[in-house]
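Read off the chains here:
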Amino acid sequence: MSEHDQAIPGEMHGDAGDVVAGTVTIRQGGARSVRAREISIHQGGAVRAQAEQVAVTQGGIVLSRSGSAQVTAGAVGVIAAGGPVELQASAAKLVLSRDKVGLEHSAAVAVAAPRVEISDSAVGMLIARHVDAKNIRVLFGVREAIAFGAAAGAALWLLNLWRRR
């Protein structure tokens, strides 16, 4: 029996539907929905993950709600966390945190947090009270985001008027 074939309690191999447990580890597999105190994903993925602590290595999550999250060499659609979020060599569409967000060699479409630390990364839109940045690219700051939102709202309003005719 190889090392991979041995069953470890609380560890999943392959695909699973909905999982609810204290600690969940997913290796080279996936799950539709995971709810646990701690979730660890290695080379796998989940559609929805809800936990106090989420850690992803070479995997992905579509929607994550957690106390804190760490993603290394992975991808996440939306992260909503009450605590710190760390992305290293990863990509995310939307990162929301009530604490701190750290991005290193990563990319995010939108980041919103009280404090953001970014190095060697790209962010589409950044909303933060305090930013520590080194070698970053931000496409939209607060002023740009407001201007873009106003222009998009006006364009949608005009499109709606034109559609009614």
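What counts as what
- Residues numbered from 1 in each chain as written.
- Predicted model: local features only at pLDDT ≥ 70, side-chain atom pairs only at ≥ 80, totals over all residues.
- Heavy atoms only, no water.
- Core = buried A, V, L, I, M, F, W, Y, C linked by side-chain atoms within 4.5 Å.
- Buried < 20%, exposed > 50% of the residue type's maximum accessible area, 1.4 Å probe, protein only.
- Contact = heavy atoms within 4.5 Å.
- Patch = residues over 30% accessible without salt bridge, like charges linked within 9 Å, V, L, I, M, F, W, Y side chains within 5 Å.
- Areas by Shrake-Rupley, 256 points an atom, 1.4 Å probe, with all protein chains shown as cover.
- Salt bridge = Lys/Arg side-chain N within 4 Å of Asp/Glu carboxyl O.
- Helix = DSSP H or I, 4+ residues; strand = E, 2+ residues; numbered from the N terminus.
- Pairing = 2+ DSSP bridges.

Here's the deal with the nonpolar core
- Core analysis: the biggest nonpolar cluster contains 32 residues, and Leu103 and Val111 have the highest contact counts within it.
- Each residue touching Leu103, except ones within four places of it in the same chain, is listed here: Leu87, Ala108, Val111, Val116, Glu117, Ile118, Ser119, Ser121 and Val123.

As for a nonpolar patch on the surface
- On the surface, Val47, Val62 and Leu63 cluster together to form a nonpolar patch covering roughly 220 Å² of accessible area.
- Along the chain, the position of Val47 falls in strand E4 (residues 45-57).
- For Val47, a relative accessible area of 41% translates into the label partly exposed.

Focus on the pairing of strand E5 (residues 60-72)
- Taken together, the 11 bridges between E4 and E5 define a ladder with parallel strand orientation. Directly across from Arg48, in E5, lies its bridge partner Leu63.
- Bridging between E5 and strand E6 (residues 75-81) involves 6 bridges; their strand directions are parallel. Each residue of the ladder has a partner; that of Arg65, found in E6, is Ala80.

Section: the environment of Ala73
- Its place among the elements puts Ala73 in the loop between E5 and E6.
- Judged by relative accessible area, Ala73 falls into the partly exposed class, the value being 38%.
- When the C-alpha positions of Ala73 and Thr57 are compared, they lie 5.9 Å apart, and in sequence the two are 16 residues distant.
- Contact partners of Ala73, with chain neighbours within four places excluded, come to Gln58, Gly59, Gln88, Ala89 and Ser90.

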